[in-house]
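Here is how the chains run, residue by residue.
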Amino acid sequence: MDFLQNFDLNSALGIVLLCGGLCVVGFVLMVALQFISGTLGFVLGFFELFIEILTAGPIAWCGCLLTLFACAICGLMIYSLVTVCGTPDQVMICRFFGY
């Protein structure tokens, strides 16, 4: 650390080292900022898609909601039919599912 006391920034070597250090730091910052902006763009793209789905209004996603509701009802009906398989009350659909 004693050499820093004798280091003169006004010399040619000091100016070259300072400019070289600034170039290295600038290059590292440039690469890091590109990586950060790419990552943030990717993550924020998902949030933007989610927000657009939510703000499309009740008419735009009403069909999707009804389709999900219909699939849930069908799933519940099949589950209720399969639960009786293997009992004296079993129905013919149990053969379709292999019970």
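Reading the values: rules and limits
- Residues numbered from 1 in each chain as written.
- Predicted model: local features only at pLDDT ≥ 70, side-chain atom pairs only at ≥ 80, totals over all residues.
- Heavy atoms only, no water.
- Helix = DSSP H or I, 4+ residues; strand = E, 2+ residues; numbered from the N terminus.
- Areas by Shrake-Rupley, 256 points an atom, 1.4 Å probe, with all protein chains shown as cover.
- Phe/Tyr/Trp six-rings, centres within 6.5 Å; stacked < 30°, edge-to-face > 60°.
- Buried < 20%, exposed > 50% of the residue type's maximum accessible area, 1.4 Å probe, protein only.
- pLDDT = per-residue confidence, 0-100.
- Patch = residues over 30% accessible without salt bridge, like charges linked within 9 Å, V, L, I, M, F, W, Y side chains within 5 Å.
- Salt bridge = Lys/Arg side-chain N within 4 Å of Asp/Glu carboxyl O.
- Disulfide = S-S within 2.5 Å.

Participant: Could you clarify how one ought to interpret the overall build of the protein in this entry?
Facilitator: Of the regular secondary structure elements, the protein holds four helices and zero strands. Entry remark: accessible area of the protein is about 8800 Å², with carbon and sulfur atoms responsible for 78%.

Participant: Looking at this model, I keep getting lost on the packing of aromatic side chains. Mind explaining?
Facilitator: To describe a pair of aromatic rings, one takes the distance between the centres and the angle between the planes. One pass over the full model with this rule turns up one aromatic pair. Ring centres 5.1 Å apart and planes at 85 degrees place the aromatic pair phenylalanine 42 and phenylalanine 46 in the edge-to-face group. One end of the pair is phenylalanine 42 and the other is phenylalanine 46, both in helix α2 (residues 12–54) and four residues apart, which spans about a single turn. Judged by relative accessible area, phenylalanine 42 falls into the exposed class, the value being 57%.

Participant: Can you walk me through the confidence of the model for the protein in this structure?
Facilitator: For the protein, the average pLDDT comes to 80, and 83% of its residues sit at 70 or higher. Averaged pLDDT values over the elements of the protein bottom out at 62 in helix α1 (residues 2–5) and peak at 86 in α2.

Participant: Is there a simple way to explain a nonpolar patch on the surface in this structure?
Facilitator: There is a patch of nonpolar side chains on the surface, built from Val25, Leu29, Leu33, Phe35, Ile36, Leu40, Phe42, Val43, Leu44, Phe46 and Phe47 and spanning about 1200 Å² of accessible area. Following the sequence through the fold, leucine 29 ends up in helix α2.

Participant: Could you clarify how one ought to interpret the state of the cysteines in this entry?
Facilitator: Each disulfide consists of a covalent bond between the sulfur atoms of two cysteine residues. Scanning the entire structure with this criterion turns up zero disulfides. The structure places no disulfide on cysteine 19, whose sulfur is separated from the nearest cysteine sulfur, that of cysteine 23, by 6.7 Å. Residue cysteine 23 is classed as exposed on the basis of its relative accessible area, which comes to 57%.

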